[in-house]
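Coordinates in review
In case you want the letters, here they are:
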Amino acid sequence: MEQTLFEKNGGTYTQQGDYLLPNVKLPDQPEFEIGVWGNRRRQYLKQHHRVKYYSMLTQCTLYPHLADIDAQAVHLEETLVNQFAEQEGVTEQLKAENMPLWVRKMNSIHKQVSEIILNNIIYEK
């Protein structure tokens, strides 16, 4: 039996029942820290852009992309929370004087910032 192009290039097969399946695996990749925003981006790509997701996965560009998205989102989150808190007058003094009001305002700010990040970074094509 003549060798296939896959076998000529060093590929091997494993017998599974009546089928020969190629022994393929992704190359080793460095470890990446992926936080909540990177995981949300991964879920979004996997659910809504499957071709792009699997293309990036097989080209070994998915995890660097997710780490970059996560870093961008964390930086934007820190910046916007500080800016919005300053605009709203949310200070340590308010926290000491009226904790429930401080908590309400901070929760509102975090929800606004979360929506901005989702719309401008995570759900971006």
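Since the structure is predicted, the reported quantities are computational estimates derived from the model, not experimental observations.

Our focus in this paragraph is helix 6 (residues 99–122). Here helix 6 is 24 residues long and its end C-alpha atoms lie 32 Å apart, about the 34 Å a rise of 1.5 Å per residue gives. Looking at the buried residues of helix 6, the elements they touch are helix 2 (36–48), helix 4 (62–88) and helix 5 (92–97).

This part covers the pairing of strand 1 (residues 13–16). Direction of pairing for strand 1 relative to strand 2 (residues 19–22): antiparallel, over a ladder of 4 bridges. Directly across from threonine 14, in strand 2, lies its bridge partner leucine 21.

Our focus in this paragraph is the side chain of aspartate 70. Summarising the element assignment, aspartate 70 is placed in helix 4. At 8.8 Å, arginine 40 is the nearest oppositely charged side chain to aspartate 70, a buried residue that forms no salt bridge. In contact with aspartate 70, other than residues within four places in its own chain, are Ile34, Gly35, Val36, Trp37 and Gly38.

Here we come to the packing of helix 2 against helix 6. Packing of helix 2 against helix 6 brings their axes to within 11 Å, and their N-to-C directions diverge by 50°. What the angle tells us is that helix 2 and helix 6 run oblique. Crossing handedness for the pair helix 2 and helix 6: right-handed. On helix 6, the residues that touch Trp37, Arg40, Arg41 and Tyr44 of helix 2 are Ser114, Ile117, Leu118, Ile121 and Ile122. Here the contact of helix 2 with helix 6 is built from residues that sort into 6 nonpolar, 1 polar and 2 charged.

Procedures and definitions
Residues numbered from 1 in each chain as written. Predicted model: local features only at pLDDT ≥ 70, side-chain atom pairs only at ≥ 80, totals over all residues. Heavy atoms only, no water. Helix = DSSP H or I, 4+ residues; strand = E, 2+ residues; numbered from the N terminus. Expected span 1.5 Å × (residues − 1). Contact = heavy atoms within 4.5 Å. Pairing = 2+ DSSP bridges. Buried < 20%, exposed > 50% of the residue type's maximum accessible area, 1.4 Å probe, protein only. Lys, Arg positive; Asp, Glu negative; His and termini not counted. Salt bridge = Lys/Arg side-chain N within 4 Å of Asp/Glu carboxyl O. Axes fitted to C-alpha atoms, helices over the stretch in contact; angles between N-to-C directions. Parallel < 35°, antiparallel > 145°, perpendicular 65-115°, else oblique. Left-handed = near helix turned anticlockwise from the far one by under 90°. Nonpolar A, V, L, I, M, F, W, Y, C, P; charged D, E, K, R; others polar.

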